[in-house]
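Listed below, chain by chain, are the residues.
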Amino acid sequence: MLKNIILMGPPGAGKGTQAKKLVSEFNLVHISTGDMFRDAIKAGTELGLMAQSYINRGDLVPDEVTIGIVKERLAMEDCASGFLLDGFPRTIPQAEALEKIGQEISRPIDVVINIDCDKNELIRRISGRRVCKNCGAPYHVDTMKPKVDGVCDICGGPLYQRKDDNKDALEVRLGHYVNQTKPLLDYYQNKGLLKTFDGSIGSDVLFDDLTKLIRGQK
Ligand code: AMP
């Protein structure tokens, strides 16, 4: 089984949805840098205060900060049995730092899963996205409605629209994706680690394909 995994793709490709299902299926530690920053903002920590303005604009948080929090998290004992990185790395310096960290702690990356999706579909998904404030479960105003309007099916928490899920911030985020994150596809292709999947197929079919890959059946 592949156990140290990177999940990549543009905002709205379905990384968060697949990540939640995969970590529960394979008992992996879910390391989402976006979630870590949002938790820090909610808790009002120094990290949160620093990250907030970058995130609200759709900009990337500086590499040294992001690398620092991932390094700390990956070194924790629970990551020994496998982890799934969701939203990290997003730049070449982050990928290079991750490789070095992986060597230092003997936890190298086994596979990089790239979920691809076209721009119009990303905009449709992101502009209608709602998220549970408590547990982070994702919804969509048209295609993934909760049973009760504005209330999470799983934990009963309130649903909200992320501040960076608006048109302006989304354009900025997609720009960063194209300029800074997309070059990582070649980086990992050259290392023989990249596997690309179509994110516009149904979420269940995609999950099925990803589980086969991780089990080594594909
Ligand atoms: P996400 O939830 O992955 O869409 O991340 C939300 C926001 O958090 C991004 O738009 C960035 O502002 C910030 N962020 C998350 N991961 C990273 C990263 N690896 N490098 C820099 N900024 C990040």
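Residues numbered from 1 in each chain as written. Predicted model: local features only at pLDDT ≥ 70, side-chain atom pairs only at ≥ 80, totals over all residues. Heavy atoms only, no water.

### A short note on the overall build of the protein
Along the protein, the regular secondary structure elements total nine helices and eight strands. What you see for the protein is a C-alpha radius of gyration of 17 Å, in line with the 17 Å of a compact globule of 218 residues. Expressed along its principal axes, the backbone C-alpha trace of the protein runs to roughly 45 × 40 × 35 Å. Counting only carbon and sulfur atoms, one obtains 51% of the accessible surface of the protein, whose full area is about 11,000 Å². For the protein, the centre of its 30 positive side-chain charges and the centre of its 30 negative side-chain charges are spaced 2 Å apart. (Helix = DSSP H or I, 4+ residues; strand = E, 2+ residues; numbered from the N terminus. Rg over C-alpha atoms; globule rule 2.2 N^0.38 Å. Areas by Shrake-Rupley, 256 points an atom, 1.4 Å probe, with all protein chains shown as cover. Lys, Arg positive; Asp, Glu negative; His and termini not counted. Charge placed at Lys NZ, Arg CZ, Asp CG, Glu CD.)

### Brief notes about the sheet that holds strand 5 (residues 129-132)
Taken in spatial order, the three strands line up as 6-5-7 in an open sheet, and their pairing is antiparallel. The sheet terminates laterally at strand 6 (138-140) and strand 7 (159-160), the two strands that pair on one side only. Pairing of strand 5 with strand 7, which is carried by two bridges, proceeds in the antiparallel orientation. Bridging across to strand 7, Cys132 finds its partner in Leu159. (Pairing = 2+ DSSP bridges.)

### Examining unusual backbone geometry
Peptide bonds are mostly trans, and most non-glycine residues show a negative phi. Between Phe88 and the following residue, Pro89, the backbone shows a cis peptide bond with an omega angle of 0°. Positive phi, close to 60°, is recorded for Asn27, a residue that is not glycine. Along the chain, Asn27 turns up in the loop between helix 1 (15-26) and strand 2 (29-32). By relative accessible area, which is 65% here, Asn27 ends up exposed. Unlike most non-glycine residues, Ser106 shows phi in positive territory, near 55°. Mapped onto the secondary structure, Ser106 falls in the loop between helix 5 (92-104) and strand 4 (111-116). (Buried < 20%, exposed > 50% of the residue type's maximum accessible area, 1.4 Å probe, protein only.)

### Considerations on the environment of Leu85
Topologically, Leu85 is positioned in strand 3 (residues 83-86). The buried category is assigned to Leu85, whose relative accessible area is 0%. Sequence separation between Leu85 and Ser32 is 53 residues, and the spatial gap between their C-alpha atoms is 6.1 Å. Residues within four places of Leu85 in sequence aside, it is in contact with Ile5, Ile6, Leu7, Ile31, Val70, Leu98 and Ile109. (Contact = heavy atoms within 4.5 Å.)

### Some thoughts on the pattern of salt bridges
Evaluation of the coordinates by the stated rule reveals 16 salt bridges. Between Arg38 and Asp35 there is a salt bridge, and its shortest N-O distance comes to 2.9 Å. With Arg38 and Asp35 both in helix 2 (residues 33-43) and three residues apart, the pair spans about one turn of that helix. The class for Arg38 is partly exposed, based on a relative accessible area of 24%. For Arg173, the salt bridge identified is with Asp164, shortest N-O distance 3.8 Å. Each of the salt bridges in this network shares a partner with another, and the network as a whole consists of Arg129, Arg162, Asp164, Asp165 and Arg173. (Salt bridge = Lys/Arg side-chain N within 4 Å of Asp/Glu carboxyl O.)

### What about the packing of helix 7 (residues 167-181) against helix 8 (residues 183-190)?
Two numbers describe how helix 7 lies on helix 8: the axes approach to 5 Å, and their chain directions differ by 35°. Judged by residue contacts, Tyr177, Val178, Asn179, Gln180 and Thr181 of helix 7 engage Pro183, Leu184 and Leu185 from helix 8. Of the residues contributing to the contact of helix 7 with helix 8, the split by class is five nonpolar, three polar and no charged. (Axes fitted to C-alpha atoms, helices over the stretch in contact; angles between N-to-C directions. Nonpolar A, V, L, I, M, F, W, Y, C, P; charged D, E, K, R; others polar.)

### Details of the layout of surface pockets
Of the volumes computed, that of the second largest pocket is approximately 240 Å³. Thr17, Lys20, Lys21, Ala137, Pro138, Tyr139, Met144, Lys145, Asp153, Ile154, Ser203 and Asp204 are the residues that line the second largest pocket. When its residues are assigned to classes, the lining of the second largest pocket shows five nonpolar, two polar and five charged. (1 Å grid on protein atoms, 1.4 Å probe; cavity = no way out; pocket = protein on both sides within 12 Å on 5 of 7 lines; lining within 4 Å. Points joined across faces, edges and corners; volume = space filled by probe spheres on them.)

### What to know about the sheet that holds strand 3
Overall, parallel pairing links the five strands, which are arranged 2-3-1-4-8 in an open sheet. On the outer flanks of this sheet lie strand 2 and strand 8 (194-198), each paired with one strand and no other. Neighbour to neighbour, the strand axes of the sheet diverge by 20° on average, direction disregarded. Where strand 1 (residues 4-8) meets strand 4, four bridges bridge the pair, whose relative direction is parallel. Residue pairing in the sheet places Leu7 in a bridge with Ile113 of strand 4. Each of strand 1, strand 2, strand 3 and strand 4 touches helix 1; the most contacted strand, strand 3, lies at about 170° to it.

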